[in-house]
Amino acid sequence: MIPYTVNIKLAARTLTGTLSLQNKTAVDWGWQGLIAQGCHSSILIIDPKTAQTIQVLEKHKANVVKVKWSRENYYHNISSPYCLRLASGDASGKIIVWDVVSGTAHCEIQEHSKPIQDLEWLWNQDASRDLLLAVHPPNYIVLWNGDTGTKLWKKSYAENILSFSFDPFDPSNMALLTSEGIVFITDFTHSKPPGSAGKKVYIASPHASPAHTKPAPTAALAPTGAKKALNKVKNFIVIIYVIKIHYGHYEHLISTISCCLCCQVIPCAQRDALYCLHENGCITLRVCRSTAAPEEAADPEQAAQELVYDLRSQCDAIRVTKTVRPYRMVICPVNENNAALMVSDGRVMLWELKSHPSKPATNPSSGLSPLYSPVSFCGAPLGPNQKKIQDLSLNSMIGQTLTAGEAPPPNTSPQEVQLKFLLTGLLSGLPLPPFAIRMCPPLTTKNINHYQPLLASGIHIKSVCVCLSCRGIEWVSLTSFLSFATSSPNNMGLVRNELQYVDLPTGRCFAFRGERGNDEPPIEMIKVSHLKQYLVVVFRDKPLELWDIRTGTLLREMAKNFPTVTALEWSPSHNLKSLKKKQMAAREAMARQTVSDAEQSSVESSVISLLQDAESKSETSQAISAREHFVFTDTDGQVYHITVEGNTVKDGARIPPDGSMGSIACIAWKGDTLVLGDVDGNLNFWDLKARLSRGTPTHRGWVKKIRFAPGKGNQKLLVMYTDGAEVWDTKEVQMVSSIRFGRNVNYKILDIDWCTSDKVVLASDDGCIRVLEMAMKSASYRMDEQDLTVTETSRFWKDIILIQAYCTVTYDHSHLDVDLADIDMKSVLQDPELSLLQRCLLVSRLFGDESDLHFWTIASHYLQSFAQARQLSLSTADGQTQSEGTHPPPQSPLDICHDTLCESSSFQKFQLDRVRLQEVKRSSYEHTKKCADQLLLLGQTDRAVQLLLETCADNPSYYCDSLKACLVTTITSSGPSQSTIKLVATNMIANGKLAEGVQLLCLIDKAADACRYLQTYGEWNRAAWLAKVLLSPAEGSDVLKRWAEHLCSPQVNQKSKAILVLLSLGCFYKVGEMLHSMRYFDRAALFIEACLKSGVMEYARLLRSLGLREGAALWASRAGSAGEQLMEELFQGEGGAPEVILNEDDVKQGREDTE
């Protein structure tokens, strides 16, 4: 016999259906690449790559209202691995922090009994990754330790808080959305609650002035409650109204975007773009049009353009009905080119944004500027033969500089592209309950080759003509089943019955009873015999029918005086084996008669048996009609026994009712055990072999269904009650496990069945089907025990891919997840032209490593920028001239979403453009004053004076603004005036007028002193901003270095951000030392390797110019073939390059000398 290896291990899971209205905002797409979604009281973990649910978390007793993934913005190693940690809040006020891999709750938090309004993990410091901020109704924000469940602090406000949003550029800034407006907090910190009550701005009317007076109750439009701080532009926020999107500075309206019935907006970080969800389920992408002013424009008000977001792509809408409408949209935070739409009926639609080359626009009057693909890949210029992934992320699809309206760089030929949405996955939910379920026949040795664990689910169908509800399902084979449904009763109590036969391989479906079924009593149950030969159809007020399933013929319709059936079950015993033995004996006798006595001795008996087996397999099932039995009970509890064989139906013995039992509701029969359940909650266990019976009261009420578990010798029994279910061991006659509505679950059970021999499947009134262990505790399971990529292996594969950058060993990528199994991804990873910096960036994006992605983005940009500048300076110093075609492509500026880490030139230009835009939208004196202050700090004194002179004479600040305009105009660079102004500025700063004193210092070109004062008073971000826009590179570097030292202090503990600041300054040695001191060993090794590849030749030549010949030789030897020329120059005339014997201390000393 051929041995078979069977792996039919099914994990516990939940098949979900429609969503509750409270689940509307309970969805989040994490950096780990997974989507978490609330469905009633359960939480689904969805893998968007496969569009499958890979985990279900169940412990909430109320509907889940918020879910939030923890951030991956930390360094990952063996001691700090990748984790799948999720926080969820429900309508009863409970917060649970989950370990998604194990499916267990890490801690539970309860503060109040009202629904959680909002959740967010803090990410802005390196000391702890366990801080969770929550909004508890009506007006509390509480900071929790998500690891221990400890409350750290609590703060209350005057108004009800609906949600909040952190400034992605400065976590100390926070916006609270209240029922009447927005409260801005500028002193948020994890160490203590905010000290101030915040600054309130009313937003009830989109056209009202942001004055600090409450608007009239007749405001035109009310906000929908959705707001989001922009990830691309600092200090800008999006407010969504019913009709329009308002895009503005924290306190002033900047732009209005007309958007048809928009209900959600998500701003992007990689490009200045907005994803919009509309009420018809359509997702649109809007990309910002250039706001740069033409150089020839004289008047800034006329030159500045409107802030316009052009529609670039949109997906198909869905059919919206009363019960089907879009709920929420989430965007992949890693790539920002994947979107998921949650629909109220439980569907999850996965859309991917694709770019494809297009021809130049033939209609220039459309007003849309073309979009171009970037000329770089993973932060580095694309080689001539280098492979790339076009749709890796949003910033690899749309070029940054070209989005801003600038001309393409010289010596480049960017490709014009168009964007389209492509539906890449669809996860469907179950229909509305109620529904019936039935598992297919169990696995046996006979069906092991083609067995599939299928579950049939019957639903409730409504149409214009008829309303049918599926009442039950019975399988007649592994691939076909019978289901019956009944319509609503008419005035006479009669219904329309439908009994359908469904064949899954062919899709064939037909009415099994033919024309029968109209205007008759409803079908109560159908029962298929053990051998799938016969079918019994039981009616409510009509005698049962007996059918032959194989021929589809009615064997008998019982007489009118037939007893009313309350419960029925077929016996597992039959005479099929004895019939087969008789048939086989007859066939063997016939086979022996056809062979002579002389030939019989030469023919082996095994050959005859093989012939007999072949004949029996093809003919036995059709030729034999085995005798089968069933029992049923009437309303008095009397048990009847009926025998069916072919067309013959015989009555058998009758057993009188048991006095301890009520009306029998259901029967189950397996082996020698018969179990009866009644309407009073009693179970009666019959041992047919020993002729014994034992009654057990359960005190659970009506026994609705009982089913035996599959498997030989498995005597477990699943019992369904009105309020739950139980598992019993019929051998010991004791309960094994129990589940009860209102006690340990918050859903009612509609139907039950066995999934496998040790797992049950339950259909519940919340629209879900749960596959549970026999203990019926939870549908969660350990993901690391399944065939899934889990967090423990992610670190291993990440290191393997990075190692391939500088070793010759190759590894098979076929064991990785879907992303790495992609053909394009494999070819790119194996491309020899893929540089180390590109590989690090690609891998960090591939694994959703937020910390690595930020680090390598900044490191890649500035390593290439400083290497390019060094190469140009060396070539200029040597007097070398390059032809126009040999110039390296200019380095694109760093994306403005990195804020003060960008180059000073691009940062200054962006700040000027933004001030011009705010000038155009000035609507109040406060707004004009802020614009004038910004212009003074940016050095635009002429324009600032014009704004100061616009102050009305009846304004209380008219005199001060006029004097200020005169002061700005008449400032001279003479010594006495400078000393006086500096003295006044110092006194103003000492007396609490920090902003005014800084302005005076900037007017006399003392911006460096102004930055020092700002840092002294704790305004580190403002000092960095001022250094970027006013100071020279040398002075600005000093300010930013002091900022980096402040970030490294124990009170702040933001060393990761300090490293990024040092990278932007080119302090690569300091970065390497900090990475080593922080024990980021692999990142430090890769960074040093990248530094060597980017600038090792320049460093070796520098050592040579200083006379450190041996040190230059060591570094040149490390450069491989690129350093051969320098090695020849160093040892020219000495018979070749000698062996370098310098140790690392010598090299370190040489480096210190050069510094």
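Residues numbered from 1 in each chain as written. Predicted model: local features only at pLDDT ≥ 70, side-chain atom pairs only at ≥ 80, totals over all residues. Heavy atoms only, no water.

Summing up its helical and strand segments, the chain has 25 helices and 58 strands in all. Counting only residues that meet the buried cut, the chain has 51% of its 1155 residues in that class. Carbon and sulfur atoms make up 52% of the accessible area of the chain, which amounts to about 54100 Å² in all. (Helix = DSSP H or I, 4+ residues; strand = E, 2+ residues; numbered from the N terminus. Buried < 20%, exposed > 50% of the residue type's maximum accessible area, 1.4 Å probe, protein only. Areas by Shrake-Rupley, 256 points an atom, 1.4 Å probe, with all protein chains shown as cover.)

Here the focus is the sheet that holds strand S57 (residues 759-764). Ordered by their spatial adjacency, four strands build an open sheet running S1-S58-S57-S56, and the pairing between neighbours is antiparallel. Edge positions in the sheet fall to strand S1 (13-15) and strand S56 (749-756), since each of these pairs with one other strand and no more. This sheet shows a mean twist of 20 degrees between the axes of neighbouring strands, independent of strand direction. Bridging between S57 and strand S58 (residues 769-773) involves five bridges; their strand directions are antiparallel. (Pairing = 2+ DSSP bridges. Axes fitted to C-alpha atoms, helices over the stretch in contact; angles between N-to-C directions.)

A few words now on helix H9 (residues 836-846). Of all eleven residues in H9, eleven are buried; the element is thus mostly enclosed. Within the sequence span of H9, burial applies to Leu 836, Leu 837, Gln 838, Arg 839, Cys 840, Leu 841, Leu 842, Val 843, Ser 844, Arg 845 and Leu 846. Gly 848 lies just past H9 and shows a positive phi near 65 degrees.

This part takes up the environment of Arg 740. Take Arg 740: it is sitting in strand S55 (residues 734-740). Given the relative accessible area of 21%, Arg 740 is considered partly exposed. Separated by 14 residues in the primary sequence, Arg 740 and Glu 726 place their C-alpha atoms 8.6 Å from one another.

In this section: the packing of helix H11 (residues 904-920) against helix H12 (residues 925-937). Following both chains from N to C, one finds H11 and H12 inclined at 155 degrees, their axes separated by 10 Å at the closest point. Looking at the two axes, H11 sits roughly antiparallel to H12. Considering only the axes of H11 and H12, their crossing is left-handed. Contacts from Val 915, Gln 918 and Glu 919 of H11 reach H12 at His 927, Cys 931, Gln 934 and Leu 935. Looking at side-chain class alone, the contact of H11 with H12 contains three nonpolar, three polar and one charged residues. (Parallel < 35°, antiparallel > 145°, perpendicular 65-115°, else oblique. Left-handed = near helix turned anticlockwise from the far one by under 90°. Contact = heavy atoms within 4.5 Å. Nonpolar A, V, L, I, M, F, W, Y, C, P; charged D, E, K, R; others polar.)

Before going further, it helps to spend a moment on the packing of aromatic side chains. One pass over the structure, following the stated rule, counts 21 aromatic pairs. Between Tyr 75 and Tyr 1080, the ring centres sit 4.1 Å apart and the planes meet at 20 degrees, which makes this aromatic pair stacked. Of this pair, Tyr 75 sits in the loop between strand S6 (64-69) and strand S7 (85-90) while Tyr 1080 sits in the loop between helix H21 (1068-1077) and helix H22 (1081-1105); the two residues are 1005 residues apart in sequence, bridging distant segments of the chain. Under the relative-accessibility criterion, Tyr 75 is labelled buried at 8%. (Phe/Tyr/Trp six-rings, centres within 6.5 Å; stacked < 30°, edge-to-face > 60°.)

Moving on, we get to the confidence of the model for the chain. Averaged over every residue, the pLDDT of the chain is 80; residues scoring 70 or more account for 77%. Confidence drops under pLDDT 50 across residues 806-821; counting only partners more than four residues distant or on other chains, this segment forms 28 contacts. (pLDDT = per-residue confidence, 0-100.)

Attention shifts here to the pattern of salt bridges. Under the counting rule described, the total for this entry stands at 44 salt bridges. With a closest N to O distance of 3.0 Å, Arg 438 and Asp 753 form a salt bridge. Taken together, the positions of Arg 438 in strand S33 (residues 436-439) and Asp 753 in strand S56 put the pair 315 residues apart, joining distant regions of the chain. Owing to a relative accessible area of 17%, Arg 438 belongs among the buried residues under this scheme. Overlapping salt bridges bring together Arg 513, Arg 516, Glu 520, Lys 542, Glu 545 and Glu 557 as one network. (Salt bridge = Lys/Arg side-chain N within 4 Å of Asp/Glu carboxyl O.)

Okay, the state of the cysteines next. Evaluation of the coordinates by the stated rule reveals zero disulfides. This cysteine, Cys 1011, is not joined by any disulfide, and Cys 1002 carries the nearest cysteine sulfur, 7.1 Å off. By relative accessible area, Cys 1011 is classed as buried at 0%. (Disulfide = S-S within 2.5 Å.)

A few words now on the pairing of strand S32 (residues 416-427). Pairing of strand S28 (residues 348-357) with S32, which is carried by ten bridges, proceeds in the antiparallel orientation. Counted as the bridge partner of Val 348 is Leu 427 from S32. With two bridges connecting them, strand S29 (residues 371-372) and S32 associate as antiparallel partners. By the bridge assignment, Leu 371 is partnered in S32 with Val 417.

Packed helices, taken two at a time, are described by the angle their axes make and the gap between the axes. Packing of helix H19 (residues 1033-1047) against helix H20 (residues 1055-1065) brings their axes to within 8 Å, and their N-to-C directions diverge by 160 degrees. Taken together, the axis directions place H19 and H20 in an arrangement best described as roughly antiparallel. Considering the relative orientation of H19 and H20, their crossing is left-handed. Taking contact as the criterion, the partners of Ser 1037, Leu 1040, Lys 1041, Trp 1043, Ala 1044 and Leu 1047 in H19 are, on H20, Lys 1055, Lys 1057, Ala 1058, Val 1061, Leu 1062 and Leu 1065. For the contact of H19 with H20, the residue count by class is eight nonpolar, one polar and three charged.

A separate point is the nonpolar core. In terms of nonpolar packing, the biggest core is built from 111 residues, with Phe 855, Trp 856, Leu 1026, Leu 1063 and Phe 1087 touching the most fellow members. Residue contacts for Phe 1087: discarding those within four places in its chain leaves Phe 855, Trp 856, Ala 859, Leu 863, Leu 1063, Phe 1068, Val 1071, Gly 1072 and Leu 1075. Residues Ile 318, Met 329, Leu 371 and Val 417 belong to the second largest nonpolar core, which totals 26 residues. (Core = buried A, V, L, I, M, F, W, Y, C linked by side-chain atoms within 4.5 Å.)

With respect to burial, S57 is a largely interior element, six of its six residues being buried. Of the strand pairs in this sheet, S56 and S57 are connected by six bridges, and their pairing is antiparallel. Within the sheet, the bridge partner assigned to Ile 749 lies in S57 and is Ser 764. Where S56 folds back onto S57 in an antiparallel hairpin, the turn is made up of two residues. Where S57 hands over to S58, the hairpin turn is made up of four residues, of which Gly 767 adopts a positive phi near 85 degrees.

The residue Gln 32 is located in the loop between strand S2 (27-29) and strand S3 (35-39) in this model. Residue class for Gln 32 comes out buried when judged on its relative accessible area of 17%. Those residues in contact with Gln 32, other than ones at most four positions away along the chain, are Trp 69, Ser 70, Glu 72, Cys 83 and Leu 84.

Moving on, we get to the environment of Cys 332. The residue Cys 332 is located in the loop between strand S26 (326-331) and strand S27 (338-343) in this model. The buried category is assigned to Cys 332, whose relative accessible area is 6%. Taking the C-alpha atoms as reference points, Cys 332 and Gln 32, separated by 300 residues in sequence, lie 9.6 Å from one another. Other than its neighbours up to four places away in sequence, Cys 332 contacts Trp 29 and Asn 338.

For H20, the buried fraction is high: eight of the eleven residues fall into the buried class. For H20, the full list of buried residues reads Ala 1058, Ile 1059, Leu 1060, Val 1061, Leu 1062, Leu 1063, Ser 1064 and Leu 1065. The positive-phi residue at the C-terminal boundary of H20 is Gly 1066, with phi of around 80 degrees.

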